[in-house]
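Topology and contacts: notes
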Protein chains: 2
Amino acid sequence: MKNTIFAFNDDSPKYKQIYEQFKLFIERGDIPANHPLPSIRQLAESLQVSRNTTLSAYEQLVAEGYIRGEGRKGYFVNELEPLLFQNALIPPMNKRTKSQTKSLIDFRAGAVDQSHFPLKIWRRIANQVLALQESFRYGHPFGEESLREQIATYLLQSRGVKTDPSAIIIGSSTQQMLIYLGQILKDDFPSIIVEDPGYDGAKEAFQFHRLTLEALPVYETGADFSKLKQMESRLIYVTPSHQSPIGVSMSIQERQMLIHWANKIQGYIIEDDYDSEFRYTQQPFPALASIDSTRVIYLGNFSKSFLPGIRLSYMVLPKQLINHYKNQFLRFESTTSLLSQLTMAKLMEEGEWNRHIKRMRLVYKRKMQCIVSELRKHFKQEVTIIGEQSGLYLLIKVHVNHSEEWLIERASLHGVKVYPTSIYFIKNHSNQPIIKLGFSNLTCEEIQFGVELLKKAWSK
Amino acid sequence: MKNTIFAFNDDSPKYKQIYEQFKLFIERGDIPANHPLPSIRQLAESLQVSRNTTLSAYEQLVAEGYIRGEGRKGYFVNELEPLLFQNALIPPMNKRTKSQTKSLIDFRAGAVDQSHFPLKIWRRIANQVLALQESFRYGHPFGEESLREQIATYLLQSRGVKTDPSAIIIGSSTQQMLIYLGQILKDDFPSIIVEDPGYDGAKEAFQFHRLTLEALPVYETGADFSKLKQMESRLIYVTPSHQSPIGVSMSIQERQMLIHWANKIQGYIIEDDYDSEFRYTQQPFPALASIDSTRVIYLGNFSKSFLPGIRLSYMVLPKQLINHYKNQFLRFESTTSLLSQLTMAKLMEEGEWNRHIKRMRLVYKRKMQCIVSELRKHFKQEVTIIGEQSGLYLLIKVHVNHSEEWLIERASLHGVKVYPTSIYFIKNHSNQPIIKLGFSNLTCEEIQFGVELLKKAWSK
């Protein structure tokens, strides 16, 4: 073995380069099985390195099983199957295929207003939290106690929901929580009633457990609850405060009827209260769970009201389910950032959360007024506005002889991104295209410009 | 209706107090259905408030369905079923029952060293990230591109795994990822081979999908792979770099054999490389996925090497699974904090990650040496140390005629918290109790003190 084969470079330690070279020799079969290797001293001298260096290289090879030491006899190569060692990079997959045209205005729902975010306060508290000892461990599987206490207080004050922190489970997203929840429900509840149209993400989560879906039609006037009688499911997923995506709210009679229904058939109502904080014409309606929570699973999140990127959601489980859930998931690690949980708990404790919601309700109310008046100004009777009383988006039914796809593509050509609603429908399809416009991270000027562009795009 | 029933307080707006009082009257049946209400003007005068105030209260009641307006005829109470309105707080559940004795020394695995955490750097980058526009939206369902690119680079350099960022999926925890992964595997793979003893959290995740478990016995010398032939499963979950909890590493021959096995039966190997960064006697072994990744699902995480509380894990899927996975989970929101992902990507890009790992390897190596020498000094032949070559914990087999439970309780009485290993075993039980000692967040002084206390606790 000549020294020249070892062209040492400066990129890694010499012992590592020796180890890698020998590994390659052995894998390629250049040094056959059971062949003796040079002794540590011989190799060190021939390579002009220290004995420690060659010893380290051999030790690594021994530890990984490439060679063996036989005491005074020295080192020998082990048996090794000539395997196909991976040598080609996996070709890039799923690269973006469509050329992405840069949009001037993006009416995307799901972002939040950046300019009014309490950046300094969040930073200050997040930095404090990083100094705590408890930030350096795994968190509680069901969420940090301090945050669950704050959520319980908030739910009582703002949503009328009376609960105990121990009935609250903290998770990272509504869908993740529905998947976990589904695990304890699927045996007793093989099917579920969902709103049609309704939140597609929830349907996906129920299909994860292969639940059968029964569609409850929802119109601008509300859900057609008379259909409940014909349904077999004892489980229903609803958005009572602000139907997603139609925007209608359930009346107290409908709420009572639904609770009666669940009590009678021993079923459960999953109430997704995803953006109840933002109601503009009245104060937020009390939650379904505030009337009678015996058969209501209440879901809430911080994605719309605070920041989607912190991935912080929660659910309140009724008494009959909480122990079952906790037994099932006791040995599962939390899915939610401990740092975000502790920071949010402190922010709520300091009253900053309530201040933020109050401020944002005004901010979003002005934006909603802006988009509604712009749409009326430019489109007059050509569109029907749906769901302007609450939330961070509205729908427009466009009275044209064109498809949803056409409307979206035409808008895109004019630099405006708008969104479909057909993905929310199961059977209860609309006879005219309905477009979704989110506005939470747009200024009123951007909204004005966007609506003008839309008018141009859809004229002709 | 007398004014005296409205004792306005200063806690909430007057319109809200009026609304709530009327709501209560209606719910209790004090005002019967179809009964007329005082006009807005009458009520305003009688309560000495503005008409806007009474109007707001009535509008809220109308919106929620408690009352209806009939034009010039005025307002009337709607039909309402006398429901059981929730009136009692749910009694506290699952409060801590055991009185918790304060431990002097806690040998818990799963925390990280706080004193060497790059606090300033993390804070600086996290604060930068909060100023980015992309931090205010929902993230990519499979994880941020920038982090996936950094992970791909890291895996190639440190673990020998060649991959493309598009084959990487970012999740919040190993268990959450195993649950999602299980969804696309469970139909083709009704059972799975797991190490015995092995990581309990993985078993829980497989049981989520009701997979049958086949136990592969693992000893201090390694797994008994001769048993593979008798097994029916085509799926195996292993920890090749550092068997959890025994600590042994797979030799290259064992790795090759396992890959051959998976290729031959068209199965998959789930390689959990959970703490490979911390190997003290040699450099970290290359991953199984570095030899041949066709049938290897590689899992990694930042919980041991960086911070468990940020909840950041990832998996690399082989080509045959990636599209299936992406189709299944395309419409699922990410479960991981966008802020943590962007911060970690920047930290890795700046080289801080590699520096951190290097530093921590030394820190933990010293702690491992400390605990090993203390155990040898105090216990001599009374305990056998297992797994001292890598990781953030070790096991000790205690040569006494006492149970694991007795050892833990005795230690607890002396102020030391130590941990069981029986939870990791399926059938392959040890004849003598084995105790787990984590040390990552203890100083050498604390370790010394803790081992001294243990010696006292277990003598007599």
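Here's a quick rundown of the structure.

**Considering the relation of the copies chain A and chain B**
There are two copies of the chain, and a rotation about an axis plus a shift along that axis relates them. The two copies are related by a screw operation: chain A maps onto chain B through 180 degrees of rotation and 0.0 Å of translation along the axis, at an RMSD of 0.0 Å. On this basis, the relationship between the two copies can be described by a two-fold rotation axis. Comparing contact sets, 98% of the residues at the interface of chain A also lie at the interface in chain B, consistent with an isologous, same-surface contact.

**Observations concerning the interface of chain A and chain B**
Taken together, the contact pairs 105 residues of chain A with 104 residues of chain B. When the two sides are added together, the surface that chain A and chain B hide from each other amounts to roughly 9,500 Å², 53% of it contributed by carbon and sulfur. At the boundary of chain A with chain B, the tally comes to four salt bridges. Taken together, the links from chain A to chain B amount to 33 residue pairs in polar contact (both at pLDDT 80 or more).

**Points about unusual backbone geometry**
Note that the residue after D196(A), namely P197(A), is joined by a cis bond; omega there is 0 degrees. Mapped onto the secondary structure, P197(A) falls in the loop between β5 (191-196) and α7 (200-208). Unlike most non-glycine residues, R210(B) shows phi in positive territory, near 60 degrees. Note on R210(B): relative accessible area 48%, which makes it partly exposed.

**Concerning the nonpolar core**
Ranked by size, the top nonpolar core spans 210 residues in total, and within it M344(A), I371(A), W458(A), M344(B), I371(B) and W458(B) carry the most contacts. Apart from the residues lying within four places of it in its own chain, the contact partners of M344(A) are W122(A), L147(A), F302(A), F306(A), I310(A), L312(A) and W353(A). Within the second largest apolar cluster, 60 residues are counted, among which are M177(A), L181(A), L235(A) and L178(B).

**With respect to the side chain of H209(B)**
Topologically, H209(B) is positioned in the loop between α7 (200-208) and β6 (212-219). The contacts of H209(B), once residues within four sequence positions are left out, are F208(A), L178(B), I179(B), G182(B), Q183(B) and K186(B).

**Let's talk about helix α9 (residues 319-329) of chain A**
Every buried residue of α9(A) is accounted for by L321(A), I322(A), Y325(A), K326(A) and F329(A). One side of α9(A) carries all its buried residues, which in axial view fall inside an arc of 130 degrees. Lining the buried residues of α9(A) we find β4 (168-171), α6 (174-185), β9 (268-272), β10 (296-301) and β11 (313-316) of chain A together with α7 of chain B.

**Thoughts on helix α4 (residues 119-129) of chain B**
Within α4(B), the full set of buried residues consists of W122(B), I125(B) and V129(B). Viewed along the axis of α4(B), the buried residues span an arc of 75 degrees, placing them on a single side of the element. Those residues of α4(B) hidden inside the fold are in contact with α10 (338-349) of chain A together with α10 (338-349) of chain B.

**Considerations on the sheet that holds strand β5 (residues 191-196) of chain B**
Residues and elements named next belong to chain B. The eight strands lie next to each other as β4-β11-β10-β9-β8-β5-β6-β7, forming an open sheet whose pairing is mixed. Both outer strands of the open sheet, β4 (168-171) and β7 (222-223), are each paired with one neighbouring strand and no more. Of the pairings in the sheet, the one linking strand β10 (residues 296-301) to strand β11 (residues 313-316) comprises four bridges and is antiparallel in character. Each bridged residue has a counterpart across the sheet, and for N301 the counterpart in β11 is S313. In the packing of helix α6 (residues 174-185) onto the sheet, contacts are made with β4, β8 (235-238), β9 (268-272), β10 and β11, and the angle to β10 comes to roughly 160 degrees. Where helix α9 (residues 319-329) meets the sheet, its contacts fall on β4, β9, β10 and β11, and the angle it forms with β4 comes to roughly 50 degrees.

**Thoughts on the packing of helix α12 (residues 404-413) of chain A against helix α13 (residues 444-458) of chain A**
Residues and elements named next belong to chain A. Packing of α12 against α13 leaves a shortest axis separation of 9 Å and a crossing angle of 120 degrees. It follows from the interaxial angle that α12 and α13 lie oblique. Note on packing geometry: the crossing formed by α12 with α13 is right-handed. Along the contact surface, α12 presents W406, L407, R410 and A411, while α13 presents L454, A457 and W458.

**A few points about empty space enclosed by the protein**
Going through the model one piece at a time under the given rule, you end up with 15 cavities of 30 Å³ or more. By volume, the largest cavity amounts to about 260 Å³. Lining the largest cavity are 20 residues, and of these W122(A), A126(A), L339(A), W122(B) and A126(B) sit closest to its centre. If you list the elements that add at least two residues to the lining of the largest cavity, you get α4 (119-129) and α10 of chain A together with α4 and α10 of chain B. Residues that form the lining of the largest cavity fall into these classes: 10 nonpolar, eight polar and two charged.

**Focus on the packing of aromatic side chains**
Enumeration according to the criterion identifies 42 aromatic pairs over all chains in this entry. Ring centres of Y180(B) and F329(B) lie 4.7 Å apart, and the angle between their planes is 15 degrees; this geometry places the pair in the stacked category. Linking Y180(B) in helix α6 with F329(B) in helix α9, this pair joins segments that are 149 residues apart in sequence. Through successive ring pairs, a cluster of aromatic residues spans F117(A), W122(A), Y154(A), F302(A), F306(A), Y314(A), W353(A) and F136(B).

Conventions we followed
Residues numbered from 1 in each chain as written. Chains lettered and ligands numbered in written order. Predicted model: local features only at pLDDT ≥ 70, side-chain atom pairs only at ≥ 80, totals over all residues. Heavy atoms only, no water. Least-squares fit on C-alpha atoms with pLDDT ≥ 70 in both. Contact = heavy atoms within 4.5 Å. Buried area = accessible area lost by both parts, 1.4 Å probe. Salt bridge = Lys/Arg side-chain N within 4 Å of Asp/Glu carboxyl O. Polar contact = N/O pair within 3.5 Å; in protein donor to acceptor, adjacent residues only side chain to side chain. Helix = DSSP H or I, 4+ residues; strand = E, 2+ residues; numbered from the N terminus. Buried < 20%, exposed > 50% of the residue type's maximum accessible area, 1.4 Å probe, protein only. Core = buried A, V, L, I, M, F, W, Y, C linked by side-chain atoms within 4.5 Å. Arc of directions from axis to C-beta. Pairing = 2+ DSSP bridges. Axes fitted to C-alpha atoms, helices over the stretch in contact; angles between N-to-C directions. Parallel < 35°, antiparallel > 145°, perpendicular 65-115°, else oblique. Left-handed = near helix turned anticlockwise from the far one by under 90°. 1 Å grid on protein atoms, 1.4 Å probe; cavity = no way out; pocket = protein on both sides within 12 Å on 5 of 7 lines; lining within 4 Å. Points joined across faces, edges and corners; volume = space filled by probe spheres on them. Nonpolar A, V, L, I, M, F, W, Y, C, P; charged D, E, K, R; others polar. Phe/Tyr/Trp six-rings, centres within 6.5 Å; stacked < 30°, edge-to-face > 60°.

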